[in-house]
Amino acid sequence: MKFIYAKETWRRTVVLSFQTLGILYGRLSTAPLYAFGSINPSDIKSGQQIYELFSFVFWTLTIIPLLKYAFIVLKVDDNGEGGTFALYSLLCRHANVGLLPSDISTTELMHQEEGTPSKMKVESRARRAIGRYKSSHYLMLFLALLGSCMIICDGIFTPALSVLSATSDLRRSLSKLAARFTSSEKARHSVDKYLKRYIPVPAACAILVCLFMLQRYGTNRIGVIFAPIVIIWLMFISGFGMYNIFHHPQILWAISPAYMFRFIKKIDISSWKLLSSIGLCIAGSEAMFADLGHFSKRSIKVTFVFLVYPALVLCYAGQAAFFSKHLGTSDDVAHLSESITHRHLQHIFTILSLFASLVGSQATITATFSIINQCQALACFPRVKVIHTSEKVHGQVYVPDANWLIMVLSLTILIGFRDISAIANATGLAVICGMLVTTCLMSLIIALQWEKTAVFLSLSFLLFFGSIEALYLSSCFLNFSKGTWCIVILSLIFLTIMVSWHYGTIKKYEFDIENKVTVDWLTELSPGLGVSRVPGIGFIHTNIVTGIPAFFSHFITNIPAFHEVLILVSFKSLPVPYIPKNERYLIGRIGHKDYKIFRCIVRYGYRDHVRNINDFEDQIISSIGEFIAREERHHEALFLQEGTMIILGSRMTDGNVLVPVVVGGEQSESGQDVADIENPTTTTTTTTTKRKKVRFMLPANSPKMNPSVRKELQQLVDARESGTAYFLGHSHLKVRKGSNFVKQFLVKVYAFLDKNCREPPIALDIPHAALLEVGMVYTI
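Each residue is numbered by its place in its chain's sequence as written, counting from 1. Confidence filtering applies because this is a predicted model: local features only for residues at pLDDT of at least 70, side-chain atom pairs given and counted only at 80 or more, and all residues used for totals across whole chains, interfaces and linings. The side-chain numbers reported here are obtained from all heavy atoms of the structure, hydrogens and water having been left aside.

## Considering empty space enclosed by the protein
Next up, step 1: Lining residues are defined by having an atom within 4 Å of a point belonging to a cavity or pocket. Those points lie on a 1 Å grid over the protein atoms alone, cavities being sets where a 1.4 Å probe fits but cannot get out and pockets being open sets with protein on both sides within 12 Å along at least five of seven lines. Grid points are joined across faces, edges and corners, and a volume is the space filled by probe spheres set on the points. Per the stated rule, a full pass over the model turns up nine cavities of 30 Å³ or more.
Next up, step 2: A volume near 430 Å³ is recorded for the largest cavity.
Next up, step 3: With six residues, the single largest contributor to the lining of the largest cavity is helix α17 (residues 343-377).
Next up, step 4: The nonpolar class holds Ala, Val, Leu, Ile, Met, Phe, Trp, Tyr, Cys and Pro. Asp, Glu, Lys and Arg form the charged class, and all remaining residues, Gly among them, are polar. The residue inventory of the lining of the largest cavity, partitioned by class, reads 13 nonpolar, ten polar and five charged. Labels follow the DSSP assignment, with helices taken as runs of H or I lasting at least four residues and strands as runs of E lasting at least two, numbered in each case from the N terminus.

## Structural notes on a nonpolar patch on the surface
Next up, step 1: Patch construction takes residues with relative accessible area above 30% that form no salt bridge. Like charges are linked within 9 Å, and nonpolar side chains (Val, Leu, Ile, Met, Phe, Trp, Tyr) are linked within 5 Å. Shrake-Rupley sampling with a 1.4 Å probe provides the accessible areas, and residues are treated as covered by the protein chains on show and by no other component. Each reported salt bridge corresponds to a side-chain nitrogen of Lys or Arg within 4 Å of a carboxyl oxygen of Asp or Glu. A cluster of nonpolar residues, F477, F480, W485, I489 and I493, forms a patch on the protein surface that exposes about 450 Å² of accessible area.
Next up, step 2: No other element matches helix α21 (residues 484-515), which puts three residues into the nonpolar patch.
Next up, step 3: Along the chain, the position of W485 falls in helix α21.

## Here we look at the packing of helix α11 (residues 226-247) against α17
Next up, step 1: Two elements in contact, α11 and α17, have axes whose closest approach is 10 Å; the angle formed by their N-to-C orientations is 130°. Classified by the interaxial angle, the pair formed by α11 and α17 is oblique. For the pair α11 and α17, the sense of crossing is left-handed. From α11, F226, I229, V230, I232, W233, F236, I237 and F240 reach across to α17, where they touch L345, I348, F349, L352, S353, F355, A356, V359 and Q362.
Next up, step 2: Here the contact of α11 with α17 is built from residues that sort into 15 nonpolar, two polar and no charged. Every axis in this analysis is a line fitted to C-alpha atoms, fitted for helices over the stretch in contact. Angles between the N-to-C directions lie between 0 and 180 degrees. Our angle categories are set so that under 35 degrees counts as roughly parallel, over 145 as roughly antiparallel, 65 to 115 as roughly perpendicular, and the remainder as oblique. A clockwise turn of the near helix away from the far one marks a right-handed crossing, whereas an anticlockwise turn of less than a right angle marks a left-handed crossing. A contact between two residues is defined here by any heavy atoms of the two lying within 4.5 Å.

## With respect to the packing of aromatic side chains
Next up, step 1: Working definition: rings of Phe, Tyr and Trp (its six-membered ring) pair if their centres are within 6.5 Å, and the pair is stacked with planes under 30 degrees apart, edge-to-face with planes over 60 apart, and tilted otherwise. All chains considered together, the criterion is met by 24 aromatic pairs.
Next up, step 2: Look at Y51 and Y259: their rings are 6.5 Å apart centre to centre, the planes differ by 35°, and that puts the pair in the tilted class. Here Y259 lies in helix α12 (residues 258-265) and Y51 lies in helix α3 (residues 47-71), a separation of 208 residues in the sequence. Pair check on accessibility: Y51 and Y259 agree, each one buried.
Next up, step 3: Between F741 and F745, the aromatic rings sit 6.2 Å apart at their centres with planes inclined by 20°, giving stacked as the arrangement. Of this pair, F741 and F745 both sit in helix α26 (residues 741-756), four residues apart, roughly one helical turn.
Next up, step 4: A relative accessible area of 66% places F741 in the exposed class.
Next up, step 5: Taking relative accessible area as the criterion, F745 reaches 40% and is therefore assigned partly exposed.
Next up, step 6: One aromatic cluster is present, built from ring pairs that chain together W233, F236, F240, Y243 and F349. Under the scheme applied here, a residue whose accessible area is under 20% of the maximum for its type counts as buried, over 50% as exposed, and between as partly exposed, the area being computed with a 1.4 Å probe on protein chains only.

## Digging into the side chain of S29
Next up, step 1: Inspection of the secondary structure puts S29 in helix α2 (residues 26-30).
Next up, step 2: Using a relative accessible area of 1% as the deciding quantity, one classes S29 as buried.
Next up, step 3: Within the structure, S29 has its side chain in polar contact with the backbone oxygen of Y25 (distance 2.7 Å). The definition of a polar contact used here is a pair of N or O atoms within 3.5 Å, where within protein one atom must be able to donate a hydrogen and the other to accept one, and adjacent residues in sequence count solely through side-chain atom pairs.

## Focus on unusual backbone geometry
Next up, step 1: Residues other than glycine seldom take positive phi values, yet R418 does so here, at roughly 55°.
Next up, step 2: If you check the backbone angles, K596 has positive phi at about 55° while not being a glycine.
Next up, step 3: Mapped onto the fold, K596 is located in the loop between β5 (585-590) and β6 (597-604).
Next up, step 4: Residue class for K596 comes out buried when judged on its relative accessible area of 16%.

## Regarding α3
Next up, step 1: Expected helix span is given by 1.5 Å per residue-to-residue step, counting one fewer step than there are residues. For α3, with 25 residues, the first-to-last C-alpha span of 34 Å sits near the 36 Å given by 1.5 Å per residue.
Next up, step 2: Counting buried residues along α3, 20 of its 25 residues qualify, which places the element largely inside the surrounding structure.

Laid out in structure tokens, this is it:
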């Protein structure tokens, strides 16, 4: 849950600042392990060139994380949430560029508010231009998906890079220890060769396996000691940075931007490639905005400005000073561990670097789980199981399927490359691409929201920050043959999966809209078919929010019978982070009240933890009972056309609603949650819970209750006691004849993913005994 404080005290800021160190700044703080360390000393022409590279480090740290993120990007949030999808959701709402499955009726229903006037700004020229062209809508979605792909790829490469850097320090530490007990140069060489072969990669593989196996316990549990580790780490590396600066104070002159211009003036291909490693110094800066929902803006700024930023500057300055003065002395001189001149403290550094690498890896893995959950909520990722690992911190999730896939891919990268430089080149591309996506989306937000000088500010932001990030991006592509190609292939694979799933979801929805039947067909024509009503409640899960889904009319045509109470349930994800519980359910009646057919729309945001299936059924029935009681008070509601809904969530207190009674239950290891039928997922909590069996009763004494209301409520209770059934459509996709290759490819990929991801009944945790699946052929 995201806690909101009317006025944040400094005491609260200090507490949040401490927490940010373990979760938010873990990745950025461990970047010194591989920023300079991924550079091959043989590629450095002189010590003066190291000064020039440090100038790039200093100004990049100052411009990107400090100026861009801490002082500009943090000003724009989506109800307290940050990240790629937060910017995209803002564009969806303010520029109407969303491509999520919807029609006119859906849009009207989704924006219903009781007595709340429209808060949309008067349309600006920029908003009209963006909303007018469909190509701009696809561009916005492509940018959001590209940014998501880069976060996932970063989650694959960063653990391998961080842990391999730490185990390489372990190998160097063991080599120095072995050298103390061996006098023979030949024996030392033999031991060093043996350690190079059997320590860095095997040890990194073992550590990665353990790290990914611990993910099921959640960040909240395994992250208790993260903040102290990062504080000790920052104090340690900044302390030795100051020590090296004291002995080589000339490095301070490199703060001057003249060193950067000197580097650019004599640039060539070999030296330009070095910038891809320097770009890693800002790896993890995106977390300052992406994890905004867990912290306050002031705590993020205070921690970075007063601790993280100065500590990193001192660390890089000291490392560059040592590197420049000892260039050519050894092959490992570029690594951070070599700048720790004290022999015994080098071994302490090795242990600290192992723990710090785990913290940095954990941050990227958690971010990967979070972005997969958001993509899934917005129908851009196949159905996977999602576990919410914390009841207090909203958004901390664990995705088992993704966890094992990332582990396998990370191990494959580690074993395949076995080289820090190659993995660093690929990681740099993922980091810079993600930042460039944020820059593009942020410039559009500026154009839409800051309208007085919108065009000038937007272009200035895009050109200034975009040109710096494009500089590093070009350097990454120069290393295409040295590792960068791998990130390109992986991102294309993930992008294909996301685009195919989104395309297939939209086409299925359009088919449902085109082939839906009217309510009159069910309520007026069905008696002519000899349809009978059977006791019980029938839940019809459908994507559409008006009319009757085609699969149910297909069912009625073949088996002319349905339950005495029908509830058409639609789950709709909105481009907002959270939906308040008292605004989650929209209830409406279909046809005359004698038909006892209702429609329920369950709304949720891309960061919402959706409800337990048993609790969900109870909530629906309770909300319908409340709807029946409220409907009587507004007689005009008896004549409302379909599509008019009432927002329900807060219980009535006058005793005229159904009374839930817990009659017992059975023990369950984890609570299963339900998500949208378009893209359902299963979410669980790691705590052991009891499944409750709830029965509903009418209030014993309620003189205000109308007899007709009491009668209908009793019918609803009796139907619940008779049992419930769930109707789901089982789709079979078929491509239309004459479709182009791209459409055929996307549909086939979607069909493959649909067959191999979690089945909707399992994802929705629907009891098999109560499930009725109706097959439908979708020709798209």
